[in-house]
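# A look at the structure
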Amino acid sequence: MPNTVLVGAQWGDEGKGKITDLIASKYDYVVRYQGGNNAGHTVIHGDKKLALHLMPSGVMYENAVPVIGNSVVVDPGVLVKEMAMLEAEGISCKNLKISCDAHVIMPYHKDLDGADEKSLGEHKIGTTKRGIGPCYQDKVARKGIRIQDLMDEKIFRLKVETALVQKNAILEKIYGLHTYTVEEICEEYLPYARILKQYMAETSQMLNDAVRAGKSILFEGAQGTLLDIDHGTYPYVTSSSCCAGGAATGSGVGPVNIDRVLGIQKAYITRVGGGPFPTELKYAEDGGEGIEAEEGETLCQVGHEYGVTTGRKRRCGWFDAVIARYAADVNGLTDVALTKLDVLSAFDTIKVCVAYECNGERYDYFPMQQRVLFHAKPI
Ligand code: IMP
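The text that follows walks through the structure, step by step, so that each part is easy to find.

Cut-offs and rules
- Residues numbered from 1 in each chain as written.
- Predicted model: local features only at pLDDT ≥ 70, side-chain atom pairs only at ≥ 80, totals over all residues.
- Heavy atoms only, no water.
- Helix = DSSP H or I, 4+ residues; strand = E, 2+ residues; numbered from the N terminus.
- Rg over C-alpha atoms; globule rule 2.2 N^0.38 Å.
- Contact = heavy atoms within 4.5 Å.
- Areas by Shrake-Rupley, 256 points an atom, 1.4 Å probe, with all protein chains shown as cover.
- Lys, Arg positive; Asp, Glu negative; His and termini not counted.
- Charge placed at Lys NZ, Arg CZ, Asp CG, Glu CD.
- Near = heavy atom within 4 Å.
- Polar contact = N/O pair within 3.5 Å; in protein donor to acceptor, adjacent residues only side chain to side chain.
- Nonpolar A, V, L, I, M, F, W, Y, C, P; charged D, E, K, R; others polar.
- Salt bridge = Lys/Arg side-chain N within 4 Å of Asp/Glu carboxyl O.
- Buried < 20%, exposed > 50% of the residue type's maximum accessible area, 1.4 Å probe, protein only.
- Pairing = 2+ DSSP bridges.
- Phe/Tyr/Trp six-rings, centres within 6.5 Å; stacked < 30°, edge-to-face > 60°.
- Lys NZ or Arg CZ within 6 Å of the ring centre and 35° of its normal.
- Axes fitted to C-alpha atoms, helices over the stretch in contact; angles between N-to-C directions.
- Parallel < 35°, antiparallel > 145°, perpendicular 65-115°, else oblique.
- Left-handed = near helix turned anticlockwise from the far one by under 90°.
- Expected span 1.5 Å × (residues − 1).
- Bend = angle between axes of the 7 residues up to and from the residue.
- Patch = residues over 30% accessible without salt bridge, like charges linked within 9 Å, V, L, I, M, F, W, Y side chains within 5 Å.

Within the protein chain, the regular secondary structure consists of 12 helices and 18 strands. Taken over the C-alpha trace, the protein chain has a radius of gyration of 21 Å; the compact-globule value for 379 residues is 21 Å, and the two agree within 12%. Based on the C-alpha atoms only, the size of the protein chain along its principal axes is roughly 60 × 55 × 40 Å. In the protein chain, the proportion of contacts linking residues at least 24 apart, taken out of those at least 6 apart, comes to 75%. Carbon together with sulfur atoms contributes 52% to the accessible area of the protein chain, which is approximately 16,900 Å² in total. Averaging the locations of the 41 positively and 49 negatively charged side chains of the protein chain gives two centres separated by 3 Å.

And the structure:
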């Protein structure tokens, strides 16, 4: 199989999990390369529905090695729970490899995610409140705690102690929240380290050896193109590189060793959280009216558009070809999988957006400037 990046070509929830499940068994390695447990997809196992948030879907196939790459942010408590749930269902996690360079989501990251959002008021991003943004902030500020630090008790204590000087001050003085002690955090996190230690690996080296040995890799993207920190609808984005380019930095495999980029698009579009959405069909409770609100409601109901991670009702709208063209460019798509076409059977007539209109001007391309995008009307 050609080494392939599977990437969301919209705002996430395109049905990546479904396509991954279809093709993952054909690959030797399945690598998550960004994001954390803000992602979620449902896997049908026998007669049960299982929700995966952090575990690469390769775990469902005995032959594939599931890999949590270096640019993923890991909440160890969530991972340990997810592994226990899978093991209880008879799905072995023994092949899992976790990059020693992946960053760890700490308890204060989750608190700060919620507090930051609250302080933004009506301009809030609508995050999943899993601590994703604050964890990536620490990574970029070079203050993060990595999986390899978690595995070394002495280093971990030292890093937590240093981090708490700032974090406690922010939690208490800016947000009036509770603070943490080193002991409290160690008590919760060190047992996770003992469970996860056997899975830690130098994954970049391992994957490059695999490439040399002619093995195949599926890079499993989470979220989607328009949630990418660089190419998405900033600031209404997540904090990682969801686009195909992120697969190289997020795994340590060079771009020349990636053969194909498979973009997943849904036959209509959904979005969770805030931010511009030109083809949105607003629900009645969000100020939508008449047939458009009804069409939005139909897409939501027929398409079961509720978040796997948060249970939130997703915003729904018609297919947007401007976004499709943009996603093809910024990811270098070689292939496309179109999902959930059957949902459109609920309509006699469907719409497809081919361009935008803003201030009397026509845009055939995705406008980078928010002042245009926020006011874009679909044509
Ligand atoms: P965060 O990733 O929790 O920081 O959230 C930032 C934005 O990305 C919010 O609008 C979320 O709703 C959105 N988001 C994060 N993960 C997903 C996902 O898996 N599907 C769809 N939207 C997501």
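So that's the structure; there's more coming.
With that settled, consider the site of the ligand. As a matter of local geometry, the ligand sits amid 15 residues, with Asp-13, Asn-38, Thr-128, Thr-238 and Val-272 nearest to it. Taking Thr-128, its side chain carries an N or O atom lying 2.6 Å from an oxygen atom of the ligand. One nitrogen or oxygen atom from the side chain of Arg-312 is found 3.1 Å from an oxygen atom belonging to the ligand. Protein contact buries 96% of the 480 Å² of open area that the ligand shows by itself. Of the residues in the shell around the ligand, the class split is 6 nonpolar, 7 polar and 2 charged.

Evaluation of the coordinates by the stated rule reveals 18 salt bridges. Connected via shared salt-bridge partners are Asp-13, Lys-266, Glu-305, Arg-314 and Lys-340.

It is worth spelling out the pairing of strand β11 (residues 260–266) at this point. Most of β11 sits out of view: 6 of its 7 residues are buried. Two strands pair when backbone bridges link them, and strand β1 (residues 4–8) and β11 are joined in this way by 5 bridges, in the parallel orientation. Opposite Thr-4, over in β11, you have Arg-260 as the bridge partner. Taken together, the 5 bridges between β11 and strand β14 (residues 335–339) define a ladder with parallel strand orientation. Looking at the pairing, Lys-266 lines up with Thr-339 of β14.

Along the polypeptide, Asp-101 turns up in the loop between β7 (97–99) and β8 (103–104). Remark: the alpha-carbon pair of Asp-101 and Glu-202, spanning 101 residues in sequence, is separated by 8.0 Å. Apart from the residues lying within four places of it in its own chain, the contact partners of Asp-101 are Asn-70, Arg-146 and Gln-148.

This structure, assessed with the given rule, holds 8 aromatic pairs. For the ring pair Trp-11 and Phe-277, a centre distance of 5.1 Å and an interplane angle of 55° mean the geometry is tilted. With Trp-11 in the loop between β1 and α1 (16–23) and Phe-277 in the loop between β12 (268–271) and α10 (290–302), the pair connects residues that are 266 residues apart, well separated along the chain. The burial state of Trp-11 is the same as that of Phe-277; both residues are buried. In textbook terms, an aromatic cluster arises when at least three aromatic residues are bridged by ring pairs, as seen for Phe-156, Tyr-189 and Tyr-192. In this arrangement the basic side chain of Lys-313 is found over the ring face of Tyr-283, its NZ or CZ atom lying 4.3 Å from the centre.

For the rest of this paragraph, the subject is the packing of helix α2 (residues 76–88) against helix α7 (residues 182–196). Axis separation between α2 and α7 bottoms out at 10 Å; the angle between their running directions is 50°. Taken together, the axis directions place α2 and α7 in an arrangement best described as oblique. Of the two elements, α2 crosses α7, and the hand of that crossing is left-handed. The residues of α7 that touch α2, namely those facing Pro-76, Gly-77, Leu-79, Val-80 and Met-83, are Tyr-189, Tyr-192, Ile-195 and Leu-196. Grouping the constituent residues of the contact of α2 with α7 by class yields 8 nonpolar, 1 polar and no charged.

One open sheet holds the 8 strands; their spatial order is β9-β7-β5-β2-β10-β1-β11-β14, and the pairing between them is parallel. Looking at which strands have only one partner, the edges of the open sheet turn out to be β9 (200–201) and β14. Across the sheet, α1 touches β1, β10 (217–220), β11 and β14, and the angle it forms with β1 is around 160°.

Before going further, it helps to spend a moment on helix α6 (residues 153–174). Here α6 is 22 residues long and its end C-alpha atoms lie 30 Å apart, about the 32 Å a rise of 1.5 Å per residue gives. Its maximal kink placed at Leu-164, α6 deviates by approximately 40°. Taken together, the buried positions of α6 are Phe-156, Val-160, Ala-163, Leu-164, Lys-167, Asn-168 and Leu-171. Turning to α6, the residues buried within the fold contact α3 (107–120), α4 (132–140), α5 (147–150) and α7.

A cluster of nonpolar side chains, Ile-350, Val-352, Val-354 and Ile-379, forms an exposed patch at the surface whose accessible area comes to about 300 Å². Within the secondary structure layout, Ile-350 lies in the loop between β14 and β15 (352–353). Take Ile-350: its relative accessible area is 41%, and that puts it in the partly exposed class.

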